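Inside the fold
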Amino acid sequence: MEITQRASKDATVLDVNGDLTYSNRAAFKTAVEQVKSRNCQHLIVNLEQVRFVDSSGLGLLVLMSQSFKLTQAKFSLLKPQSYVREIMCLANIPKMIPIYETEGDALTA
Amino acid sequence: METLAVFVLSEALDLADGDQELFLTLANLFMQESPKELAAARSALARQDARGLAEAAHKLKGSVLPICAPRLFERAQRLELLGRQGEFAEAASVCADVESCLAEVHAALRNAIAGGFPS
Amino acid sequence: MPLHSTNGLVPSADSTAASSFLVATILLVEDEPVTRTSMAARLKRLGHRVLEAGNGREALEVAGRERPDLIIVDWMMPEMDGPTFCESVRRDPTMKSIYILLMTSHDQPAQIAEGLARGADDFLSKAASKQEITARVLAGLRTGRLVRELEVTGAQLESSLVLLQTKQTEMEADLQSAATFVHSLLPQPGSPAPGLSLAWEYQPALTLGGDLFNVTAIDADHLGLYILDASGHGVAAALRSASLMTFLQVDNILRQIGSYDPEKVLREANRQFPLSAEGEYFTLWVGQIHLPTRMLSYASAGHHGVLLSPNERPSRWLTRPSSPLGFDQEAVFVSDQITLQPADRLFLLSDGIYEAASPTGEPWGRWRFQQAVEAQQHEALATTIAHCFTEARRWQAQREFLDDAAVVGLELSV
């Protein structure tokens, strides 16, 4: 898994490349916590290049969104692939975390 | 060959790291041991024992090193080589050289011991 | 400050190292007394403790007894020469790493190569200067020390490994007994209630699995059933599962909630089992069958592995989108009802079976499980379940599952 961080207007975008699974959870958690510690007001996790999210990956996304909520900051997901989107829908993720199809939509939300 | 010195006190003292007492010990030990090796070389030569000759000459050569006696060292080395090659005819003459060189060295050492050292 | 103050003045690491070099024990092996005496005296002056031996055999004995830090041995000696002595030392496991300087007047490359090949570490000329002796001896002691440190480190690693293995054996025994306990809570295959038969197969990825299930009588008219799946892997996941399993025991549920109503069970479980600090959680499916009417009520918290396979009709998944436990404190769980028919089969499975990945990474998938079950409708329940495991194993091309794999089958009699 590769995670690249970049700024996009008022938000920080993490472009994730690879699977978001149990074995990658530490790298993902570290990357998000780093962004959070810099007082980021809106984190967008770009899942366009993520083929598979397992149950641990799913839990981590929810955990991160809960911790952003605690500080009134925004946490959004961008462009999940269809299989990942299906897993997320089955777990009711869209009710908890906003999911956008374009970066523009995520930024103006 | 004649250009080689019999005994170089300064170098011998150097090799003893400047320790006169050590040098004295080594000189006395050499005077006590070297006749044995010479005798062993002679007897090996007499019974045409090439290996025994080479070993005795080698041991004598080794004992000469700390004493710094270049001429004797060169002769002993030559004798060791001839022993190895089984050249008994030439070895007999070189063995005689070794004997006379050894006598010179003993005399020089006795002289040095009696005369004391430059400080 | 006085030099011999009692509080402070700890010698620096450097001075300790330097002084320990000075007290090294050196064994000098030389048959010729003048050279031996000379070299011994020069080494002693450098601060070393010097042991002397006049021949190889005596030297081996001294070396075995005194374990010198360094050996200086003459090449040419009667009986046992220097290279032969080196070989003997190298053959002895207690001495093999002692650093050896071969003393010689040889400087032929071929002879140097022979000396190295037969066990010498370096060479020392009999006519060496004081500086050269100092340098070669120090280099030898330094190398010898490194070699010994490596050996000690190696030995420590080895003993740590033994300790670790002992600990691991203990832990495995503990895990085994925990697993025995947890597995004793799993239902007995057979008939959990009149008109029902139960079969299951369970392949935990570890001794103690994180996916657990139960089928158990609640009262004379009700049968309760559930399957839970802990996210994550390993012992931590297994222990969290055991605690949820304890929560789900009938006595506890009746005491805490008053009934085994699936949506109430899930609501309480959602409250009591929040997301862990690492983001780990459970999915849970709970069902209750009213035996007189064959009415199944069920609710799911993010668990999608429950399949109803009616006789002679297509099967369908008993699930709807729902939050796993701990995702959302406000989550609402809704029970669905369905009346089971004679010969209907209900399968509760963990994702370990349908997420079994092929060598190219493609999951076996819920629909392949569904196909396997439908193709086996007329086989005995246990045979159908075994067939599913065979197919999943064939798909992933290996016997062991990376995640816990469980399939529980419940069949209504005709």
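The model shown is predicted, which means the values in this text are computed figures rather than measured ones. (Residues numbered from 1 in each chain as written. Chains lettered and ligands numbered in written order. Predicted model: local features only at pLDDT ≥ 70, side-chain atom pairs only at ≥ 80, totals over all residues. Heavy atoms only, no water.)

**Quick word on the sheet that holds strand S4 (residues 99-104) of chain C**
Residues and elements named next belong to chain C. Inclusion rule: In short, DSSP must find at least two bridges between two strands for them to pair. Helix and strand definitions here come from DSSP, where helices need a minimum of 4 consecutive H or I residues and strands a minimum of 2 consecutive E residues; each element is numbered from the N-terminal end. Lines fitted to the C-alpha atoms define the axes, with helices restricted to the stretch that makes contact. Angles between their N-to-C directions range from 0 to 180 degrees.
With respect to topology, five strands assemble into an open sheet ordered S2-S1-S3-S4-S5, the strand pairing being parallel. Among the strands making up the open sheet, the edge pair consists of strand S2 (49-53) and strand S5 (122-125). Direction aside, neighbouring strands of the sheet carry axes that sit 25° apart on average. In this structure, S4 lies alongside S5, joined through four bridges in parallel fashion. In the strand pairing of S5, Leu102 is matched with Phe123.

**Things to note about the pattern of salt bridges**
We count it as follows: Basic side-chain nitrogens of Lys or Arg form a salt bridge, by our definition, when they fall within 4 Å of a carboxyl oxygen of Asp or Glu.
Following the criterion strictly, the structure yields 40 salt bridges over all chains and no others. Its salt-bridge partner being Asp69 of chain C, residue Arg148 of chain C comes within 3.7 Å of it at the nearest N-O pair. Taken as a pair, Arg148 of chain C in helix H6 (residues 130-184) and Asp69 of chain C in the loop between helix H3 (56-66) and strand S3 (70-74) lie far apart in primary sequence, 79 residues in all. Through salt bridges with shared partners, a single network forms among Asp17 and Asp19 of chain B together with Arg42 and Arg45 of chain C.

**Thoughts on helix H2 (residues 20-46) of chain B**
An α-helical turn contains 3.6 residues, so any two residues separated by three or four positions project in the same direction. Residues and elements named next belong to chain B. The following threshold applies: For a helix, the expected span equals 1.5 Å multiplied by the residue count minus one. Bend at a residue means the angle formed by two fitted axes: the first through the 7 residues ending at that position, the second through the 7 residues beginning there. For this analysis, a polar contact is any N or O atom pair within 3.5 Å, provided that within protein one partner can donate a hydrogen and the other can accept it, and provided that sequence-adjacent residues contribute only side-chain to side-chain pairs.
If you check H2, its first and last C-alpha atoms are 39 Å apart, about what 27 residues at 1.5 Å a residue would give, namely 39 Å. The largest bend along H2 measures about 30° and falls at Met31, with the proline Pro35 one to four residues further on. Regarding H2, its N-cap is Asp19, as a side-chain oxygen of that residue lies 3.1 Å from the backbone nitrogen of Glu21 further along. The first or second residue beyond H2 is Gln48, which carries a positive phi of 55°.

**Comments concerning the packing of aromatic side chains**
Any aromatic ring pair is given by two values, namely how distant the centres are and how the planes are angled relative to each other. Residues and elements named next belong to chain C. Filter applied, for reference: Each aromatic pair joins two rings of Phe, Tyr and Trp (for Trp, the six-membered one) with centres within 6.5 Å, and gets the label stacked for planes under 30 degrees apart, edge-to-face for over 60, and tilted for any other angle. A simple rule labels every residue: compare its accessible area, found with a 1.4 Å probe on the protein chains alone, to the largest value its type can have, and call it buried under 20%, exposed over 50%, or partly exposed in between. When the NZ atom of lysine or the CZ atom of arginine is within 6 Å of a ring's centre and also within 35 degrees of its normal, the charge is said to sit over that ring.
The full count for this structure, using the stated rule, is 13 aromatic pairs over all chains. With a centroid separation of 5.7 Å and an interplanar angle of 90°, the aromatic rings of Phe389 and Phe401 are classed as edge-to-face. Residue Phe389 is located in helix H12 (residues 381-396), and its partner Phe401 is located in the loop between H12 and strand S15 (405-412); the two are separated by 12 residues in the primary sequence. Per residue, the accessibility class of Phe389 equals that of Phe401, and both read buried. Through a chain of ring-to-ring contacts, three or more aromatic side chains come together here, namely Trp317, Phe347, Trp364 and Phe369. Lying over the aromatic face of Trp317, Arg366 brings its terminal NZ or CZ to 4.7 Å of the ring centre.

**Concerning the interface of chain B and chain C**
The extent of an interface is frequently quoted as the accessible surface area lost upon association of the parts. What counts here: Any two residues having at least one pair of non-hydrogen atoms within 4.5 Å are treated as being in contact. In short, buried area is how much 1.4 Å probe accessible area vanishes from two parts on joining, totalled over both. Note on residue categories: nonpolar means Ala, Val, Leu, Ile, Met, Phe, Trp, Tyr, Cys or Pro, charged means Asp, Glu, Lys or Arg, and polar means any other residue, Gly included.
Tallying the contact residues gives 20 residues for chain B and 16 residues for chain C. Where chain B abuts chain C, roughly 1,600 Å² becomes buried across the two surfaces, and 66% of that area is made up of carbon and sulfur atoms. Between the two partners, chain B and chain C, sit four salt bridges. Of the charged contacts, one joins Asp19 of chain B and Arg45 of chain C as a salt bridge, the two residues approaching to 2.9 Å between their closest N and O atoms. Of all the secondary-structure elements, those providing two or more residues to the side of chain B that touches chain C are H2, helix H3 (50-64) and helix H4 (70-85) of chain B. Counting residues per element, the side of chain B that touches chain C draws most heavily on H2 of chain B, at six residues. For the side of chain B that touches chain C, the class distribution of residues is nine nonpolar, four polar and seven charged.

**Observations regarding the state of the cysteines**
Structurally, a disulfide amounts to a covalent bond that connects the sulfur atoms of two cysteines. Our working rule: Defined by distance alone, a disulfide is two cysteine sulfur atoms within 2.5 Å.
Across all of its chains, the model carries zero disulfides over all chains by this definition. Summary of cysteine pairing: Cys95 of chain B is not part of a disulfide, and the nearest cysteine sulfur, belonging to Cys101 of chain B, is at 11 Å.

**Focus on the interface of chain A and chain C**
Taken together, the contact between chain A and chain C spans 20 residues of the former and 23 residues of the latter. Considering only the surface of chain A that becomes buried against chain C, Tyr22, Ser55 and Leu90 of chain A emerge as the three largest contributors, covering 29% of it. Here chain A is connected to chain C by one salt bridge. Of all the elements in the fold, those that place two or more residues in the side of chain A that touches chain C are helix H1 (25-37), helix H2 (55-70), helix H3 (82-90) and helix H4 (93-96) of chain A. Here the element with the most residues in the side of chain A that touches chain C is H2 of chain A; it accounts for eight residues. Class assignment for the residues of the side of chain A that touches chain C results in 12 nonpolar, five polar and three charged.

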